[in-house]
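# Structural overview for review
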Amino acid sequence: MNKYNRVTKLFKRLLFTVGLAASCSAIAQEQANACRDVSTSVIFYNGVFTTEAGAKSAAMAMRHFIGGVSKSGEGLRYEVMYNHTNGLEDLVETFAQRSLEHGEVLQDRYELFLESISGGGAWTEAIVGAVPSALSVLDGIIDSIRAAEVSVLTSLVGDPPTLANYEEHQLRIDDLLQEGRKLVYVAHSQGNLFVNAAYDYTVSKSSPDNVKVVHVAPASPTLNGEYTLADLDVVINGLRALGEVPSNTDSIPIFLQREAGLNGRKDTLGHGFIEIYLNPYLSTFDRVVSHIESAISTVIAPAAQVSGGFFTTTLTWDGSGDVDLHVTEPDGTHVFFAIKQGVTGYLDADNTSGYGPEHYYASCNVSTLQTGVYEISLANYYAADGRTATVQVSAWSQGALSTKKVVLGAHTFSEPAYNVFNIEVCKNAANNYVVRDVSSSDGSLCEVAP
Amino acid sequence: MNKIIFAGIIAVAFTGCGGGGGGGDSQNQSPLTDAEKISDLENTGVIPKLDRSASLIGPDVNVNGIRDDIEEYIDAKYASDEERSAARQSAKSFQGALSVDTTNNAEVKAASNKIANALNCIFTKFNWESADNNPLRVSAELEAISFNTKDRLNKYEQYNKALDGSSSSIPDGDTCE
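Let us look at the structure shown here. (Residues numbered from 1 in each chain as written. Chains lettered and ligands numbered in written order. Predicted model: local features only at pLDDT ≥ 70, side-chain atom pairs only at ≥ 80, totals over all residues. Heavy atoms only, no water.)

### Section: empty space enclosed by the protein
On inspection of all chains with the given rule, the structure shows five cavities of 30 Å³ or more. Taken as a whole, the largest cavity encloses approximately 540 Å³ of empty space. For the largest cavity, the lining is made up of 33 residues, of which Thr50, Gly54, Ser118, Arg265 and Glu275 of chain A are closest to its centre. At the level of secondary structure, the elements contributing two or more residues to the lining of the largest cavity comprise α2 (52-66), α5 (111-117) and α11 (273-277) of chain A together with α6 (135-146) of chain B. Counting residues per element, the lining of the largest cavity draws most heavily on α2 of chain A, which supplies five residues. Of the residues belonging to the lining of the largest cavity, the class tally is 15 nonpolar, 13 polar and five charged. (1 Å grid on protein atoms, 1.4 Å probe; cavity = no way out; pocket = protein on both sides within 12 Å on 5 of 7 lines; lining within 4 Å. Points joined across faces, edges and corners; volume = space filled by probe spheres on them. Helix = DSSP H or I, 4+ residues; strand = E, 2+ residues; numbered from the N terminus. Nonpolar A, V, L, I, M, F, W, Y, C, P; charged D, E, K, R; others polar.)

### Quick look at the packing of aromatic side chains
Per the stated rule, a full pass over the model turns up 21 aromatic pairs over all chains. Taken together through their ring pairs, the aromatic side chains of Phe65 and Phe285 of chain A together with Phe123 and Trp128 of chain B make up a single cluster. In this structure, arginine 77 of chain A packs its charged tip against the face of tryptophan 396 of chain A, placed 4.4 Å from the ring centre. In this structure, lysine 266 of chain A is placed above the aromatic ring of phenylalanine 255 of chain A, and the distance from its NZ or CZ to the ring centre is 5.4 Å. (Phe/Tyr/Trp six-rings, centres within 6.5 Å; stacked < 30°, edge-to-face > 60°. Lys NZ or Arg CZ within 6 Å of the ring centre and 35° of its normal.)

### Looking at the sheet that holds strand β6 (residues 311-317) of chain A
All names here are of chain A. Strand order across the open sheet formed by five strands is β9-β10-β6-β12-β13, with antiparallel pairing between neighbours. The strands lining the two open edges of the sheet, one partner per strand, are β9 (345-349) and β13 (399-407). Averaged over all pairs of adjacent strands, the angle between strand axes in this sheet comes to 15°, irrespective of strand direction. Bridge count for strand β12 (residues 388-395) against β13 is eight bridges, and the pairing is antiparallel. Paired with alanine 389 across the two strands is valine 406, which belongs to β13. Helix α8 (residues 167-178) contacts β6, β10 (358-362), β12 and β13 of the sheet and is inclined by roughly 65° relative to β12. (Pairing = 2+ DSSP bridges. Axes fitted to C-alpha atoms, helices over the stretch in contact; angles between N-to-C directions. Contact = heavy atoms within 4.5 Å.)

### Some points on the pattern of salt bridges
Residues and elements named next belong to chain A. Tallied over the full model, the rule gives 27 salt bridges over all chains. Taking the shortest distance from any N to any O, the salt bridge between aspartate 250 and arginine 287 comes out at 2.5 Å. Here the residue aspartate 250 occupies a position in the loop between α10 (234-240) and α11, and arginine 287 occupies one in helix α12 (residues 283-298), the gap between them amounting to 37 residues. The buried category is assigned to aspartate 250, whose relative accessible area is 7%. Of the residues examined, arginine 287 reaches a relative accessible area of 30% and is grouped as partly exposed. (Salt bridge = Lys/Arg side-chain N within 4 Å of Asp/Glu carboxyl O. Buried < 20%, exposed > 50% of the residue type's maximum accessible area, 1.4 Å probe, protein only.)

### Re the interface of chain A and chain B
The partner chain B presents 69 residues to the 77 residues of chain A that form the contact. Buried area between chain A and chain B, both sides added, is near 6600 Å², and the carbon and sulfur share of it is 60%. Where chain A packs against chain B, one counts six salt bridges. A salt bridge links glutamate 111 of chain A to arginine 52 of chain B, with the shortest nitrogen-to-oxygen separation between them at 2.8 Å. Connecting chain A to chain B are 33 residue pairs in polar contact (both at pLDDT 80 or more). Of all the elements in the fold, those that place two or more residues in the side of chain A that touches chain B are α2, β2 (76-81), α3 (88-98), α5, α6 (122-130), α7 (134-158), α8 and β13 of chain A. (Buried area = accessible area lost by both parts, 1.4 Å probe. Polar contact = N/O pair within 3.5 Å; in protein donor to acceptor, adjacent residues only side chain to side chain.)

### Focus on the state of the cysteines
Summed over all chains, the structure comprises two disulfides over all chains. Here cysteine 35 of chain A pairs with cysteine 364 of chain A through a disulfide, and the sulfurs are 1.8 Å apart. Its S-S torsion of approximately -85° makes the covalent link between cysteine 35 of chain A and cysteine 364 of chain A left-handed. Residue cysteine 35 of chain A is found in the loop between α1 (3-30) and β1 (40-45), and its partner cysteine 364 of chain A is found in the loop between β10 and β11 (372-382); the two are separated by 329 residues along the sequence. For cysteine 364 of chain A, a relative accessible area of 15% translates into the label buried. The disulfide that involves cysteine 121 of chain B links it to cysteine 176 of chain B, with 2.1 Å between the sulfurs. Here cysteine 121 of chain B and cysteine 176 of chain B share a disulfide; its torsion about the S-S bond, 105°, makes the bridge right-handed. Here cysteine 176 of chain B lies in the segment after β1 (167-169) and cysteine 121 of chain B lies in helix α5 (residues 105-125), a separation of 55 residues in the sequence. Taken individually, cysteine 121 of chain B and cysteine 176 of chain B each receive the classification buried, so the pair is uniform in this respect. (Disulfide = S-S within 2.5 Å.)

### What about the side chain of glutamate 275 of chain A?
Residue and element names in this part refer to chain A. Inspection of the secondary structure puts glutamate 275 in helix α11. Comment: no salt bridge for buried glutamate 275; closest opposite-charge side chain is arginine 265, at 4.9 Å. A polar side-chain atom of glutamate 275 sits 2.9 Å from a polar atom in the side chain of asparagine 263. With residues up to four places along the chain from it excluded, the contact list for glutamate 275 reads Ser118, Gly261, Asn263, Arg265, Lys266, Asp267 and Leu282. (Lys, Arg positive; Asp, Glu negative; His and termini not counted.)

Following this line, the structure appears as structure tokens:
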């Protein structure tokens, strides 16, 4: 596909997205509902040395290109399962030392650091153009970054992460499966190591029909779905020299002939998600987008066991016994196993034998959604002494708000002994409902602009 | 390999310069030092002119939560009130990451949520068809200039580390303040 056709295609996508957004907005105004119907979660697992904001930007870019509604008209939600890469401090220190070379011309210009992580950008090019002696400094910095990325990925391939180390990810997957959500995982770079663990876990709890994986620049020889890999991806090629990685799928132009990604960065390393793989001017873009769209259209929903809500609370524990979830709603209504229906919410899963889950959801219906603080508590009803209980609160608007663990003492029957969360629902300045964890705050945060 | 790439960048940059900046009596002027050349780039807005003080938060004379130099950058760079407002929200949210207690999970999550809302605002207000000011470029640049000293970068690294293993949804709808 030539550049003109890609740009035309981009424009059509934009029109499609804008049109959908307008129609969704009109629908929202007619509904007394604080949430939107969603059938599929498209979840991004970020690459090496990506900031959390960068991971969210990548997910927002996917939303821009794929849209908020599937081709069959079902709502899509975009989420991020963030994995951080250790060692950035070392690279900052390398930057500090190298920037003192050649007359200290780059000294203290740390705004170039994040650009360097992406293999350089407009500011870098401007400085090198004006001061050629900066070339070797930046060259050395980018070489250090590439070496660090290969080292990190090599280490992860040798000792892959397990989902046990990423409990919030695991519990979010549990929640989404129980709510009957279809799951599409999109992984870039080191995210592929994490997505494989997430895939195995998901399949163990449901079936391969309920989850699809799209691999981008896979750092792992193990693949659980379609993949895209550029031939000039220097980071993965560095990994290839040390072990097995999949074959290349796409040829991309050399750096000097390559158009920048939409963030204005070309990435000398050929590895960036936005710079290379979601760059509308490269063939990798069409492949990645088509893989995601294909995954969305073929994934099948698991049977729903619980309802979604404006916010939800899920309790699990690590053995037999009966642990109970208690929620005190803002008006004082106490929701627990004996009174499952509250004014706002409902306890729609109650487990009495072991492991859980117990699940409470607050309604999206604004006629019953109370503003104020919801107190989330636990009780060891019976025979769960010493068990570790895990509670995750998720919000429709934000995903997982927080996850906490509690080691249970002696049983207290129906008397909750552990206050785990205080969750506040209020309206913001734009009159939209918002929710936040105020467990460690002094009183309400509602008067503070969100 | 990078040397070849950057050699190309230099060639392109010089080709694009076209001899600009020189006056009729340039032969009598002493050549600019490297520091002066970079200062020129700052003064002409090619690269940002930023506060590099030891303070994490930096100067904020009007106490609106946005570093003064970043506010100047935003006012100079973005055309519409809507774009400037979205950029300010983003700059303010990034500033929030510099003052967060990274041992307090709820506080870190709240800061992350504010950044997400601000990014979402940028993604709805800036023009995707713009080469210079599309949402991805604007958000990446605001992030880079917000964490432009060693201390600011290292604090941001602590913030990101505190979010390791977190899960979050991308906001829907209008999240502009």
